[in-house]
Amino acid sequence: MNNKMVRFMNDAEKIDSKKLLQYIASRNNYLNQEEILFVVNLFLHPQLNHIYFNSETFEYHMWDSDGNYFTFKAKKINDDFSLKKKK
């Protein structure tokens, strides 16, 4: 069994809600998988207290402890990588 200690972010490493809103807005509220993992990371954004994903619309809705609301849409995987029937 590996007993790794969990390291919590110090205040300088945490990203506040204003910066999080700017990050999402700079990508036109349309994030890829890597960007989504960054945005929903509770170690970086401990103020987040609700995260909801709508699988029909690919939209994320998040709220933080200060009453801020965040929303963005997930980019879909490119159709070039989907399995297609061969003729």
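You'll find the structure just up there.
Reading guide: rules and limits
- Numbering of residues starts from 1 in each chain and follows the order in which that chain's sequence is written.
- The predicted origin of the model limits local features to residues at a pLDDT of at least 70 and limits the giving and counting of side-chain atom pairs to 80 or more, whereas totals for whole chains, interfaces and linings rest on all residues.
- Excluding hydrogens and water, the side-chain figures rest on all heavy atoms present in the structure.
- Residues enter a patch when their relative accessible area is above 30% and they make no salt bridge; the linking distance is 9 Å between like charges and 5 Å between nonpolar side chains (Val, Leu, Ile, Met, Phe, Trp, Tyr).
- To measure how exposed things are, a 1.4 Å probe is used in the Shrake-Rupley method; for residues, cover is taken only from the protein chains shown.
- When a carboxyl oxygen of Asp or Glu is within 4 Å of a side-chain nitrogen of Lys or Arg, the pair counts as a salt bridge.
- Starting at the N terminus, helices and strands are each numbered in turn, a helix being any DSSP run of H or I of at least four residues and a strand any DSSP run of E of at least two.
- Exposure classes here rest on a 1.4 Å probe applied to the protein chains alone. A residue is buried below 20% of its type maximum, exposed above 50%, and partly exposed in between.
- Note on pairing: two strands pair once DSSP finds at least 2 bridges between them.
- Here, residues are in contact when the closest pair of their heavy atoms is within 4.5 Å.
- Comment: axis = line fitted to C-alpha atoms, over the contacting stretch for helices; angle = value between 0 and 180 degrees taken between N-to-C directions.
- N or O atoms within 3.5 Å of each other form a polar contact, as long as, within protein, one can give a hydrogen and the other can take it, and as long as residues adjacent in sequence are counted only when both atoms are side-chain atoms.

### A few points about a nonpolar patch on the surface
- A surface patch of nonpolar side chains, about 320 Å² in accessible area, is lined by Y52, W63 and Y69.
- Among the structural elements, Y52 can be located in strand β2 (residues 48-54).
- Here Y52 falls in the partly exposed class, since its relative accessible area comes to 44%.

### Comments concerning unusual backbone geometry
- The residue N29 is not glycine, and still its phi comes out positive at about 55 degrees.
- Residue placement: N29 occurs in the loop between α1 (17-26) and β1 (30-31).
- Judged by relative accessible area, which is 32%, N29 ranks as partly exposed.
- Residues other than glycine seldom take positive phi values, yet F58 does so here, at roughly 60 degrees.
- Structurally, the position occupied by F58 is in the loop between β2 and β3 (59-64).

### Comments concerning the sheet that holds β2
- If you walk across this open sheet you meet the 4 strands as β1-β4-β3-β2, and the pairing is mixed. Each having just a single partner strand, β1 and β2 make up the two edges of the open sheet.
- Of the pairings in the sheet, the one linking β1 to strand β4 (residues 69-74) comprises 2 bridges and is parallel in character. By the bridge assignment for β4, Y30 is matched with K73.
- Across the sheet, α1 is in contact with β1, β2, β3 and β4; its angle to β4 comes to roughly 30 degrees.

### Examining the side chain of Q47
- Along the polypeptide, Q47 turns up in the loop between α2 (33-39) and β2.
- A polar contact of 3.1 Å, which involves the side chain of Q47, links it to the backbone oxygen of I15.
- With near-sequence residues (within four places) excluded, Q47 lies in contact with I15, D16, S17, L20, W63, D64 and S65.

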